[in-house]
Amino acid sequence: MRQAIVEAEKAVEKDEVPVGAVIVHENRIIARAHNQREMLNDPTAHAEMIAITQAADYLQNWRLTGTTMYVTLEPCAMCAGALVQSRIDTLVYGTVDKKAGACTNCRTK
């Protein structure tokens, strides 16, 4: 989670919403990202989405089984859907997003 916070700090420096994410596979960080919606003019450029893309590239597979995502803020519906679709095993988030969070009331295995 510390590394996700480092990513969130990078977002603050760029006037982005301060969200950072990392994905871990076999005890190694394979992806790290922060929000880049303003910089890229892309509504889908959330930290989670960018990290998922990086992890899939690293593993050369869209199935991210055996991975854990650490993210500073509860994922929105778009990102939660991408987490399910990418088959990430575990999600750890730092705080609940009362406005747009999509995981608080969800149960996983």
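Cut-off values and rules
Residues numbered from 1 in each chain as written. Predicted model: local features only at pLDDT ≥ 70, side-chain atom pairs only at ≥ 80, totals over all residues. Heavy atoms only, no water. Pairing = 2+ DSSP bridges. Helix = DSSP H or I, 4+ residues; strand = E, 2+ residues; numbered from the N terminus. Axes fitted to C-alpha atoms, helices over the stretch in contact; angles between N-to-C directions. Contact = heavy atoms within 4.5 Å. Parallel < 35°, antiparallel > 145°, perpendicular 65-115°, else oblique. Left-handed = near helix turned anticlockwise from the far one by under 90°. Nonpolar A, V, L, I, M, F, W, Y, C, P; charged D, E, K, R; others polar. Buried < 20%, exposed > 50% of the residue type's maximum accessible area, 1.4 Å probe, protein only. Arc of directions from axis to C-beta. Polar contact = N/O pair within 3.5 Å; in protein donor to acceptor, adjacent residues only side chain to side chain. Core = buried A, V, L, I, M, F, W, Y, C linked by side-chain atoms within 4.5 Å.

(A) Looking closely at the sheet that holds strand β2 (residues 28-34). Spatially, the four strands line up as an open sheet ordered β2-β1-β3-β4, and their pairing is mixed. Edge positions in the open sheet fall to β2 and β4 (90-95), since each of these has one partner strand only. Strand-to-strand twist in this sheet, taken as the mean axis angle between neighbours without regard to direction, amounts to 15°. Bridge count between strand β1 (residues 20-25) and strand β3 (residues 67-73): five bridges; the pairing is antiparallel. Looking at the pairing, H25 lines up with T67 of β3. The sheet contacts of helix α3 (residues 47-59) involve β1, β2 and β3, and relative to β2 the element is tilted by about 145°.

(B) Seen up close, the packing of α3 against helix α4 (residues 77-86). As a packed pair, α3 and α4 sit with axes 9 Å apart at the nearest point and diverge in direction by 20°. One way to sum up the angle between α3 and α4 is to call them roughly parallel. In the packing of α3 onto α4, the handedness of the crossing is left-handed. Taken together, the residues of α4 that come into contact with α3 (itself represented by E48, M49 and I52) are M78, C79, A82, L83 and S86. Classifying every residue of the contact of α3 with α4 gives six nonpolar, one polar and one charged.

(C) Structural view of α4. Looking at α4, one finds that the buried residues are C79, A80, A82, L83 and S86. Burial along α4 is one-sided: seen end-on, the buried residues are contained in an arc of 160°. For α4, the exposed residues lying more than 90 degrees away from the buried face are A77, V84 and Q85. Buried residues along α4 sit against α3, β3 and β4.

(D) How the structure looks around the environment of E7. Tracing the sequence through the fold places E7 in helix α1 (residues 2-13). Classification of E7 by relative accessible area gives buried; the value is 2%. Residues E7 and V22, 15 residues apart in the sequence, show an inter-C-alpha distance of 8.2 Å. Setting aside residues no more than four positions away along its own chain, E7 makes contact with G20, A21, R32, A33 and H34. At a separation of 3.0 Å, a polar atom in the side chain of E7 contacts the side chain of K10.

(E) Just the nonpolar core, in detail. In terms of nonpolar packing, the biggest core is built from 18 residues, with I23, A51, I52, A55, M69 and I88 touching the most fellow members. Contributing elements (two or more residues each) for this core: β1, β2, α3, β3 and α4.

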